[in-house]
Amino acid sequence: MTEIDPSRAFAKDVKRIVVKVGTAVVTGKGGRLALGRLGAICEQLAELNSDGFEVILVSSGAVGLGRQRLRYRQLVNSSFADLQKPQMELDGKACAGVGQSSLMAYYETMFDQLDVTVAQMLVTDSSFRDKDFRKQLSETVKAMLRMRVIPVFNENDAISTRRAPYKDSTGIFWDNDSLAALLSLELKADLLILLSDVEGLYTGPPSDPNSKLIHTFVKEKHQDEITFGEKSKLGRGGMTAKVKAAVNAAYGGIPVIITSGYAAENICKVLRGLRVGTLFHQDAHLWAPVVDTSSRDMAVAARESSRKLQALSSEDRKKILHDIANALEANEKTIKAENDLDVAAAQEAGYEESLVARLVMKPGKISSLAASVRQLAEMEDPIGRVLKKTQVADGLILEKTSSPIGVLLIVFESRPDALVQIASLAIRSGNGLLLKGGKEARRSNAILHKVITDAIPKTVGGKLIGLVTSREEIPDLLKLDDVIDLVIPRGSNKLVSQIKNSTKIPVLGHADGICHVYVDKSCKLAMAKRIITDAKVDYPAACNAMETLLVHKDLEQNGFLSDLIFALQTKGVTLYGGPRASAILNIPETKSFHHEYSSKACTVEIVEDVYGAIDHIHQHGSAHTDCIVTEDSEVADIFLRQVDSAAVFHNASTRFSDGFRFGLGAEVGISTSRIHARGPVGVEGLLTTRWIMRGNGQVVDGDNGIAYTHKDLPVLKRTEAVENGI
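Residues numbered from 1 in each chain as written. Predicted model: local features only at pLDDT ≥ 70, side-chain atom pairs only at ≥ 80, totals over all residues. Heavy atoms only, no water.

An unreviewed UniProt entry annotates the chain as Delta-1-pyrroline-5-carboxylate synthase of Capsella rubella. As its UniProt record puts it under Function (unreviewed entry), the chain is described as follows: "P5CS plays a key role in proline biosynthesis, leading to osmoregulation in plants." (UniProt positions renumbered as here; feature names shortened; annotations may be inferred.)

On to the overall build of the chain, then. Within the chain, the regular secondary structure consists of 27 helices and 24 strands. Here the chain has a C-alpha radius of gyration of 34 Å; the compact-globule value for 726 residues is 27 Å, and the former is much larger. Its C-alpha atoms put the chain at 110 × 75 × 55 Å along the principal axes. Across the 726 residues of the chain, 53% fall into the buried class. By sequence separation, contacts in the chain at least 24 residues apart represent 74% of the contacts at least 6 residues apart. In the structure as shown, the chain presents an accessible area of about 33,500 Å², 50% of it carried by carbon and sulfur atoms. Seen as two clouds, the 88 positive and the 90 negative side-chain charges of the chain have centres 5 Å apart. (Helix = DSSP H or I, 4+ residues; strand = E, 2+ residues; numbered from the N terminus. Rg over C-alpha atoms; globule rule 2.2 N^0.38 Å. Buried < 20%, exposed > 50% of the residue type's maximum accessible area, 1.4 Å probe, protein only. Contact = heavy atoms within 4.5 Å. Areas by Shrake-Rupley, 256 points an atom, 1.4 Å probe, with all protein chains shown as cover. Lys, Arg positive; Asp, Glu negative; His and termini not counted. Charge placed at Lys NZ, Arg CZ, Asp CG, Glu CD.)

Tracing the chain through its elements places Lys 388 in strand 9 (residues 386-393). We classify Lys 388 as partly exposed; its relative accessible area is 35%. Taking the C-alpha atoms as reference, Lys 388 lies 36 Å from Ser 368; in sequence the two are 20 residues apart. Discounting residues that sit within four places of it in the chain, Lys 388 has contacts with Leu 398, Glu 399, Lys 400, Asp 712 and Val 715.

If you trace the six strands from one edge of the open sheet to the other, you get 17-18-16-15-19-20, paired in parallel fashion. Lying at the two open borders of the sheet, with one neighbouring strand each, are strand 17 (574-577) and strand 20 (647-650). The average undirected angle you get between the axes of adjacent strands in this sheet is 20°. Relative to strand 18 (residues 601-607), strand 17 runs parallel, the two being bridged by four bridges. Note on strand 18: the bridge partner recorded for Tyr 576 is Thr 603. On top of the sheet, helix 23 (residues 560-569) reaches strand 15 (515-519), strand 16 (546-552), strand 17 and strand 18; it is set at about 160° to strand 16, its chief contact. Relative to strand 15, helix 25 (residues 610-620) is tilted by about 170°, and along the sheet it contacts strand 15, strand 16, strand 18 and strand 19 (625-629). (Pairing = 2+ DSSP bridges. Axes fitted to C-alpha atoms, helices over the stretch in contact; angles between N-to-C directions.)

Let us now look at helix 9 (residues 238-250). Structurally, the α-helix is built with 3.6 residues per turn, so residues lying three or four positions apart point the same way. For helix 9, with 13 residues, the first-to-last C-alpha span of 18 Å sits near the 18 Å given by 1.5 Å per residue. For helix 9, the tally of buried residues reaches ten of 13 residues, placing the bulk of the element in the interior. Those residues of helix 9 not exposed but buried are Gly 238, Met 239, Ala 241, Lys 242, Val 243, Ala 245, Ala 246, Val 247, Ala 249 and Ala 250. (Expected span 1.5 Å × (residues − 1).)

Our focus in this paragraph is the packing of aromatic side chains. Within this structure, the stated rule accounts for seven aromatic pairs. Measuring from ring centre to ring centre gives 4.7 Å for Phe 217 and Phe 280, while their planes differ by 25°; the resulting arrangement is stacked. Pair noted here: Phe 217 is in strand 6 (residues 216-217) and Phe 280 is in strand 8 (residues 278-280), with a separation of 63 residues, a long-range link. Here Phe 217 matches Phe 280 in class, with each residue buried. In textbook terms, an aromatic cluster arises when at least three aromatic residues are bridged by ring pairs, as seen for Tyr 106, Tyr 107 and Phe 111. In this structure, Arg 37 is placed above the aromatic ring of Tyr 262, and the distance from its NZ or CZ to the ring centre is 3.9 Å. We note Lys 362 situated over the ring of Tyr 539; from NZ or CZ to the ring centre the distance is 5.9 Å. (Phe/Tyr/Trp six-rings, centres within 6.5 Å; stacked < 30°, edge-to-face > 60°. Lys NZ or Arg CZ within 6 Å of the ring centre and 35° of its normal.)

Take a look at the structure:
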């Protein structure tokens, strides 16, 4: 699926469009008209015309088409002896005169079939020197557009005073690309689309496998970096001419997109704000950095800034978090506006309802995030805590202390609020951070990143938190095992698996959130109904939402099962059954128990007892969060001891499996790993340990002359240590 590009939000306000069709698009092999391709373009323009858009067409191809026809005529009229002689070069102006009528005849025939009227508009460079001509041209075109007529412009090369159509680039315009740019400015268009035979502007010749498509042209960045290929063999200037025309129009206030005329529906895709071709815009330098920062440079900068952060006092680090919380609240309207644009774009692109739900920042979300950041700030400083103290030998003291991991790379999808949680946790734990959010939250992530980094003092530097904006940068980052210390992917099973298979860097996270609630025969019905509805309906898209309801077989006999099912159905939950439940409840049978719905749907199955529930969870679960509802304490203890998941609850909703609700302040993610951190990962999960040894001249010397005591010493709390002057 072609992705929505938030930087192309202007497309929704477009009314008047200039579309320029290049010679390579108009003609095919041998110079003949590319009937199918041109027909598809005409159909798109006719559809736009009927939808109320004002369409102006600038078409090349007349000279090439005329040359093809004159060569054919020359061949027909030549004797065999004539054909043995060197053929004279055909006059370009004669070719233009012959080709113009043929080209316009095609447009009239095609558009007539589509119930659209067109008008031929032949102009010359010299005409635009006349102010009265410009005024009259504007009035005539506006009158045509009011009547839904599509003007078809072409430079009148047949009578142009230009010395040679392919060599003279002087004057007000010099080819149909520059004519299209001039007309878009003159006629006050909202958008100029230049259709070419390639997808857009590349960093080098498109045929070069190392060339990359430039999605947004930044003049200050790209004008000296691009290597152009050969000039078009059909038209006059190829991509060089298009870029020059696009820059002139863009800096005159007209957005321009260069894209392929070969691809189906590209014009319509541009108007839907989809990311096709190359965008030229006068504000492009505000959207992308002028100077590229390599992945390594970004990671190294984050590490250097993290060391500066660790050197600050605990109070100074706490102040940074309070400043961030204040900045979030002060910029709430701006953040909400950017988020609304992301949500609208995602809905327009047809993203799944569950993804859109995770993307939305609901009213009160910013206040809630600010509160969690403040809560995190008030927690005990996690850096440099003494975890264990040992007297190794007389006068030789060893301390095991908490320490930041280093540089974290967090890859997350959809939820922009995750950026705030992760960034605040990284600051509290003293880590450098690189963030890569989902493209669907591009605007939200950008504004949140700016608000947060602007609140970080210059003594530390905003590079403490780097925002990765391109998906193409991820493979490079995953190779940096010497400067990135931990990767935490938050997203789909596919995302987590891809990252695990692509890096040597340790990966912390979970692939699926298949959470179970087991309702035992000794449950309280009212409590069970309250827990299962909350676990499923409170936030269906969350990874800690219930995906499978397991019910003791006796509850089917006493009618409790029907009450539980009714409680879910009245909340709009779609139910799928396992083999036993689907037969009893007459609901569709699930295709797989190992399925994360992330929506108002769940699986129901009937089990023999608590052991059957445990076996089912171990076979089909994801070791995330599982719950038992029962009044039998012995059964509850069996469940709590034997279910091998990161979080196991008794008589409480699975939705409590969250860093904020656990009192961790926030969470960077939930880990189902069994190494390092497990469950909601807060500050503690982003720390490692260091060993600090203090002596007074001791040496090993083959362990001679030293008496090891290895005596555990009491560890004082930080406040006690300060009071005692330690």
